[in-house]
Amino acid sequence: MRWPLIKHLPDTTNLKFVGPSRIFAAISIVAVIASLFLSIWPMTPPCGGLNCGVDFKGGTVIDLSTPGTNVDLQQVRQILTDAGMKDVAVQGYARPGEDAGTTHNANLRFETPEGQNAERAVEGVKAQLRAAIPDARFSRTEVVGPKVSGELCQKGIWALLAAIGFMMIYIWFRFGLTFGIGA
């Protein structure tokens, strides 16, 4: 079987791949520097310009469930916002064996404002949620403080550096030192 459009391609192709290599190397360097800059700007710890979760910034995670009625996610989000919580995220989910179209369960994540006692703020939020949703049940409540989140971030960086080091050692033994350092 012949490809009918092959006759439109030239017989000899002399593509200059190495000629513009300096231009593309410069573009790559600028792109890498720009991405590194955007990931740390603004210089606010712990994550800079990245969108960190509760685990790295500190905050609260609550699992809410209602046995009979669906959870109104917008109402829950509004209650948390009205309570003064920052960085509010509310997500509905179905547990195994439940119909995916029902939202009897919700995962609430928020950051307690500075200066407030986290445990007292969580109890206040739970009281407001119980008032709005009478059959609400709370199966999990986790409060992560800034000290724990800083330690988690530091250990994550160490784990990343160890993994890169072990990959370099493996590639060094398997393919040679120059390939290990290059990789």
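Everything below is about the structure printed above this text.
These notes cover the structure that comes with them. Predicted model, so just to flag it, every value in this text is computed and none were measured.

**So, the pattern of salt bridges**
For step 1, the next point in the chain: For the coordinates displayed, the defined rule picks out 3 salt bridges.
For step 2, the next point in the chain: With its nearest N and O atoms 3.1 Å apart, the salt bridge here joins Arg140 to Asp63. In this pair, Arg140 sits in strand E4 (residues 137-144) while Asp63 sits in strand E1 (residues 59-65), placing the two residues 77 residues apart along the sequence.
For step 3, the next point in the chain: Residue class for Asp63 comes out buried when judged on its relative accessible area of 10%.
For step 4, the next point in the chain: The salt bridge partner of Glu151 is Lys155, with a shortest N-O separation of 3.3 Å. Of this pair, Glu151 and Lys155 both sit in helix H5 (residues 146-175), 4 residues apart, which is roughly one turn of the helix.
For step 5, the next point in the chain: Its relative accessible area of 39% is what places Glu151 among the partly exposed residues.

**Section: unusual backbone geometry**
For step 1, the next point in the chain: The backbone of Asp87 shows a phi angle near 50°, a positive value even though the residue is not glycine.
For step 2, the next point in the chain: When you line up the elements, Asp87 lands in strand E2 (residues 86-93).
For step 3, the next point in the chain: Judged by relative accessible area, which is 45%, Asp87 ranks as partly exposed.

**A closer look at the side chain of Thr60**
For step 1, the next point in the chain: Looking at the element boundaries, Thr60 is found in strand E1.
For step 2, the next point in the chain: Classification of Thr60 as buried rests on a relative accessible area of 0%.
For step 3, the next point in the chain: Apart from residues lying up to four places away in sequence, Thr60 is in contact with Val54, Leu108, Arg109, Phe110, Thr112, Val122, Glu142 and Val143.

**Quick word on the nonpolar core**
For step 1, the next point in the chain: Core analysis: the biggest nonpolar cluster contains 18 residues, and Leu64, Val76, Leu80, Leu108, Phe110 and Leu129 have the highest contact counts within it.
For step 2, the next point in the chain: Secondary structure elements with two or more residues in this core: E1, helix H3 (73-82), strand E3 (105-111) and helix H4 (118-132).
For step 3, the next point in the chain: Filtering out sequence-adjacent residues up to four positions away, Leu129 remains in contact with Val76, Ile79, Leu108 and Phe138.

**Things to note about H3**
For step 1, the next point in the chain: Restricting attention to buried positions, one finds in H3 the residues Val76, Ile79 and Leu80. An end-on view of H3 places all buried positions within 95° of arc, on one side of the element.
For step 2, the next point in the chain: At its buried positions, H3 is contacted by E1, E2, E3 and H4.
For step 3, the next point in the chain: Backbone geometry just after H3 places Gly84 at a positive phi near 90°.

**With respect to the sheet that holds E2**
For step 1, the next point in the chain: Ordered by their spatial adjacency, 4 strands build an open sheet running E2-E3-E1-E4, and the pairing between neighbours is antiparallel. Every interior strand has two partners, whereas the edge strands, E2 and E4, have only one. Each strand of the sheet is rotated relative to its neighbour by a mean of 10°, with strand direction disregarded.
For step 2, the next point in the chain: In the sheet, E1 pairs with E4 via 7 bridges, with the strands oriented antiparallel. The residue bridging Ser65 from the neighbouring strand is Arg137, located in E4.

**Thoughts on the packing of aromatic side chains**
For step 1, the next point in the chain: Tallied over the full model, the rule gives 2 aromatic pairs.
For step 2, the next point in the chain: Here the aromatic rings of Phe37 and Trp41 are separated by 5.6 Å at their centres, their planes lie at 20°, and the arrangement is stacked.

What counts as what
Residues numbered from 1 in each chain as written. Predicted model: local features only at pLDDT ≥ 70, side-chain atom pairs only at ≥ 80, totals over all residues. Heavy atoms only, no water. Salt bridge = Lys/Arg side-chain N within 4 Å of Asp/Glu carboxyl O. Helix = DSSP H or I, 4+ residues; strand = E, 2+ residues; numbered from the N terminus. Buried < 20%, exposed > 50% of the residue type's maximum accessible area, 1.4 Å probe, protein only. Contact = heavy atoms within 4.5 Å. Core = buried A, V, L, I, M, F, W, Y, C linked by side-chain atoms within 4.5 Å. Arc of directions from axis to C-beta. Pairing = 2+ DSSP bridges. Axes fitted to C-alpha atoms, helices over the stretch in contact; angles between N-to-C directions. Phe/Tyr/Trp six-rings, centres within 6.5 Å; stacked < 30°, edge-to-face > 60°.

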